[in-house]
Amino acid sequence: MGGERFDVLIIGAGLSGIDAAYHLQKYCPKKSYVILEQRQRIGGTWDLFRYPGVRSDSDMLTMGYSFRPWTNPKAIAPGEDIRNYVAQTARDEGIDRHICFRHRVLRATWSSQDAAWTVTALREGADGREEQVTLTCNFLFSCAGYYRYSAGYLPEFPEMQRYAGRIVHPQAWPEDLNYAGKRVVIIGSGATAVTLLPAMARTAAHVTMLQRSPTYIVSMPEQDRIANSLRRVMPAAWAYRISRWKNVAYMMYVYRLALRFPKFVKTGIIKQISKTLGSDYDVATHFTPRYNPWEQRLCLVPDGDLFEAIKAGRASVATGAIERFTEAGIRLQSGEELQADIVVTATGLVLQAFGGAELEVDGRRVNLGSTLAYKGVMLSGVPNLAAVFGYINASWTLKADLICGYVCRLLNRMDRKGARQVTPRSGDEQAVAPFVEKFTPGYMERAIVSWPKQGAKAPWRVYQNYLRDVWSLKWSPVDNDALEFSNPAEVPGISTSEAARQQVA
Ligand SMILES: Cc1cc2nc3c(=O)[nH]c(=O)nc-3n(C[C@H](O)[C@H](O)[C@H](O)COP(=O)(O)OP(=O)(O)OC[C@H]3O[C@@H](n4cnc5c(N)ncnc54)[C@H](O)[C@@H]3O)c2cc1C
């Protein structure tokens, strides 16, 4: 691969990249496309993360593709099943033939003169040697996820080097790690920590989840009984569609309720945990967060597995700040010392846009932090570029599906207008909010300033609302005052963009 030209170049062969390819094949069948994937397998997140118990924390009826029913009885599904679902979709649809593995996109430079992106990627050969290759495309579609793949986030804890046991990060789980009969401390209280705890507690001597402060944890049935019953009495596609809408409606209801009546929702969640763990358990210290529900992602645990492990005495929670590591474990500021043979640092991700690729438009580097997001999909002033960023309060795929459909509508609209370029123009619109609002987990707070911003009104808002996005991305007309359709300049003496505007107007 190298030197070729494609209509569309997709970065990433994860859940979104396969979704994008499916939509292109179906709705823009004449467009040529390629997927550049830095790894050697399909699946993205669901291939990378291999820690014990790895699973979805939203239901697969909404996290599955709109076009491919999720028929596995488990709605909260193991990572392996999700990986197989994505890979099988790619095989069944012939998408796998379009993927170039071991190609890491480094840079993309747009030329208005040619109405094309030149994409530079680092290709890793079978012998491990790397070489740069360049490709060109008319439209660049980033499905590279939202975090750095090379390494997760690891804060520097005092005297970590003194610790004699093994330290592992969930993003790089060692295949050979044997934790049976060992004492494990997991640092963290997010989705990964609450997944690891019950899974490791099955064979470990004891597992302690060490958190600085608590997270909202809600138990949910692993199987969706209504969805499974519907599948028995009607075609899978119908059952899937009904179950998907049922779950969309339920999640939207819960989210709205949490925003409008945070105290009510908070009390409900805490009461449920107290009931499960018993009145002796210190729920106030370990399971009562300082923030309101949904200010950070809510953690789901299937069939209360985390609480069961605690009740059975195989696991516990410690809440407090780390003073330092010791040779045998971790000492807290309270003076308590946790002994550990293994420490798992479930300390999170490093946020990263466009898979770390640099973007340049007509010789000028794009500073993402000073762009505005157009419909949460494109960037102001950057032609022929779209990216998938899913919901923080619902399944990622709901939005990925909408964005992929929207990009196809946009490409078809460009063809009908005879325009080779489309650029969102923000005009007087000002940045008034970060890309993701009212959502403050550490990984967001650490990096969100360098992400695109939101304006005050549509189409410069990024909604966390599926119904609004259905309208904005699926039903509302593609043409919009904020979208400039154009062609490369052919008229000497006037600027490229001015000439281009005149041609398509
Ligand atoms: C542990 C974990 C659990 C999660 N659970 C849920 C959940 O239950 N529900 C939910 O909705 N969301 C969840 N998410 C969010 C999750 O990332 C999305 O659900 C979904 O997997 C994102 O798919 P994606 O294809 O957009 O991104 P990814 O899965 O991240 O895939 C991106 C792909 O792009 C490739 N790539 C990146 N950069 C480059 C580059 N420069 N060049 C070439 N290729 C590149 C990557 O190798 C990867 O294959 C979870 C995330 C994590 C980390």
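Here, every reference points to the structure presented above.
Parameters at a glance
- Residues numbered from 1 in each chain as written.
- Predicted model: local features only at pLDDT ≥ 70, side-chain atom pairs only at ≥ 80, totals over all residues.
- Heavy atoms only, no water.
- Pairing = 2+ DSSP bridges.
- Helix = DSSP H or I, 4+ residues; strand = E, 2+ residues; numbered from the N terminus.
- Buried < 20%, exposed > 50% of the residue type's maximum accessible area, 1.4 Å probe, protein only.
- Arc of directions from axis to C-beta.
- Contact = heavy atoms within 4.5 Å.
- Polar contact = N/O pair within 3.5 Å; in protein donor to acceptor, adjacent residues only side chain to side chain.
- Axes fitted to C-alpha atoms, helices over the stretch in contact; angles between N-to-C directions.
- Phe/Tyr/Trp six-rings, centres within 6.5 Å; stacked < 30°, edge-to-face > 60°.
- Lys NZ or Arg CZ within 6 Å of the ring centre and 35° of its normal.
- Near = heavy atom within 4 Å.
- Salt bridge = Lys/Arg side-chain N within 4 Å of Asp/Glu carboxyl O.
- Disulfide = S-S within 2.5 Å.

Engineer: Where do I start with the pairing of strand E13 (residues 322–325) in this structure?
Structural biologist: With three bridges joining them, E13 and strand E14 (residues 329–332) adopt antiparallel strand pairing. Across the sheet, the residue bridging to phenylalanine 325 is isoleucine 330, located in E14. Hairpin remark: E13 followed by E14, antiparallel, with three residues in the connecting loop.

Engineer: Honestly, helix H6 (residues 225–233) in this entry has me stumped. Any pointers?
Structural biologist: Helical geometry: 3.6 residues make up each α-helical turn, so side chains three or four residues apart lie on a common side. Every buried residue of H6 is accounted for by Ala227, Asn228 and Leu230. Within H6, the buried residues cover an arc of 160° as seen down the axis, which keeps them to one side. Relative to its buried face, H6 has exposed residues pointing more than 90 degrees away, namely Arg225, Arg232 and Val233. If you follow the buried residues of H6, they end up packed against helix H3 (60–63) and helix H7 (236–260). For H6, the capping residue at the N-terminal end is aspartate 224, with a side-chain oxygen 3.2 Å from the backbone nitrogen of isoleucine 226.

Engineer: Sorry, what's going on with the sheet that holds E14 here?
Structural biologist: Note: strands within a sheet are paired through backbone hydrogen bonds, in either parallel or antiparallel orientation. Pairing is antiparallel in the open sheet, where three strands are placed in the order E13-E14-E15. At either margin of the open sheet sits one strand with a lone partner, and together these are E13 and strand E15 (337–339). Here the average twist between neighbouring strands, direction ignored, is 20°. As paired elements, E14 and E15 share three bridges and run antiparallel to each other. If you follow isoleucine 330 over to E15, its bridge partner there is leucine 338.

Engineer: Can you walk me through the packing of aromatic side chains in this structure?
Structural biologist: The geometry of an aromatic ring pair is captured by the separation of the ring centres together with the interplanar angle, meaning the angle of the planes. Counted by the stated rule, this structure contains 22 aromatic pairs. With a centroid separation of 3.5 Å and 5° between ring planes, the pair formed by tyrosine 22 and phenylalanine 67 is classed as stacked. Of this pair, tyrosine 22 sits in helix H1 (residues 15–27) while phenylalanine 67 sits in the loop between H3 and helix H4 (79–92); the two residues are 45 residues apart in sequence, bridging distant segments of the chain. Judged by relative accessible area, phenylalanine 67 falls into the partly exposed class, the value being 21%. Taking the centre distance of 4.9 Å and the plane angle of 10° together, the rings of tyrosine 147 and tyrosine 149 count as stacked. Through a chain of ring-to-ring contacts, three or more aromatic side chains come together here, namely Phe49, Tyr51, Tyr146, Tyr147, Tyr149, Phe389, Trp396, Phe435 and Trp451. Sitting above the plane of the phenylalanine 485 ring, lysine 417 keeps its charged end 4.9 Å from the centroid.

Engineer: Is there a simple way to think about the site of the ligand in this case?
Structural biologist: Around the ligand, 31 residues are found, and the nearest of them are Ser16, Glu37, Asp57, Ser58 and Tyr149. At a separation of 2.6 Å, an oxygen atom of the ligand approaches a polar side-chain atom of glutamate 37.

Engineer: So what exactly am I meant to see when it comes to the pattern of salt bridges here?
Structural biologist: As a working rule, side chains carrying opposite charge can pair if their charged atoms are close by. This model, assessed by the stated rule, comprises 22 salt bridges. Residue arginine 41 pairs with aspartate 47 through a salt bridge whose shortest N-O separation is 2.9 Å. Judged by relative accessible area, arginine 41 falls into the partly exposed class, the value being 39%. The buried category is assigned to aspartate 47, whose relative accessible area is 1%. By sharing partners, the salt bridges in this structure join Arg39, Arg41, Asp47, Arg50 and Arg83 into a single network.

Engineer: Can you walk me through the state of the cysteines in this structure?
Structural biologist: A covalent bond between the sulfur atoms of two cysteines is what we call a disulfide. Considering all chains together, one arrives at zero disulfides under this definition. Looking at the unpaired cysteine 28, the closest cysteine sulfur is the one in cysteine 408, lying at 3.9 Å. For cysteine 28, a relative accessible area of 3% gives the class buried.

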